Amino acid sequence: MLDVILIIIGALCMIAGLAGCILPFLPGPPIAYLGLFILHCTDKVEYSTTQLIVWLLIVVVLQVLDYFTPMLGSKYSGGSKWGNWGCIIGTLVGLLFLPWGIILGPFLGAVIGELLGNKEFSQALKSGFGSLIGFILGTLLKLVVCGYFCYQFIAGFV
C-alpha cells in the first residue's frame, strides 16, 4: 500500500515538474527529480546511485543556468556590461512580480541598462530580445530535462 502512495506522489511530482518548466513560481526540474527519487524509494523501481547523482547534478546545473541564460542571451546579442547588469537586476526585480515579471524583468532590465549605458534604442532592444531568447532557451532546457525524467519514471515500470 505504501508503494502505491509513493508512486502516486511521484507521479504528481512529475506533473508538477513539467508545469514548473512553464510556471516560474514552481522549480520544475527539482520537483521532477524528487518524483524520481520517491519512485526509487519504492520496491517497484530501483535506480543506480550513479544515475541519481548524475540527475541531481544536472538539476543543480540547470537551476543555476536558468538565472544566467537571459544574461548570456543579452551578451551574445551584442549587449554590454550595462545590459548584463540591467538583465541581472531586472531578473531579481522580476521575481517580485510573478509570473510575468520573470519574463519581462530581464528584457526590460537589459533594455534600460543599455539605454543607461548610452546605447542607441535599437541596440538596447536587440540586447533585450537576446535576454528573451536566453529565457526561452532556459525554459526549453528545463522541458527537455523534465521530459527525460518523465520518460525515466514511466520506463521504470516497463
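Residues numbered from 1 in each chain as written. Predicted model: local features only at pLDDT ≥ 70, side-chain atom pairs only at ≥ 80, totals over all residues. Heavy atoms only, no water.

Caption draft 1: Seen up close, the UniProt feature "transmembrane region" (unreviewed entry) in the protein chain. When the UniProt feature table is mapped to this numbering, "transmembrane region" (unreviewed entry) covers residues 5-26, 52-73, 85-112 and 132-154. In residues 5-26, helix accounts for 82% and strand for 0%; the two terminal C-alpha atoms are 22 Å from one another. Across residues 85-112, helical content stands at 79% and strand content at 0%; the span's end C-alpha atoms are separated by 10 Å. (UniProt positions renumbered as here; feature names shortened; annotations may be inferred. Helix = DSSP H or I, 4+ residues; strand = E, 2+ residues; numbered from the N terminus.)

Caption draft 2: Expanded view of the packing of helix α1 (residues 2-22) against helix α2 (residues 28-40). Taken N-terminus to C-terminus, the directions of α1 and α2 make an angle of 165 degrees; their axes are 7 Å apart at the nearest point. The angle between the axes of α1 and α2 places the two elements in the roughly antiparallel class. By crossing handedness, the relation of α1 to α2 is classed as left-handed. Where α1 abuts α2, its residues L6, I7, I9, G10, C13, M14, A16, G17, G20 and C21 lie against G28, I31, A32, L34, G35, L36, I38 and L39. Tallied by class, residues from the contact of α1 with α2 come to 13 nonpolar, five polar and no charged. (Axes fitted to C-alpha atoms, helices over the stretch in contact; angles between N-to-C directions. Parallel < 35°, antiparallel > 145°, perpendicular 65-115°, else oblique. Left-handed = near helix turned anticlockwise from the far one by under 90°. Contact = heavy atoms within 4.5 Å. Nonpolar A, V, L, I, M, F, W, Y, C, P; charged D, E, K, R; others polar.)

Caption draft 3: Broad picture of unusual backbone geometry. The phi angle at N118 is positive, at roughly 65 degrees, despite the residue not being glycine. When you line up the elements, N118 lands in the loop between α5 (101-116) and α6 (121-155).

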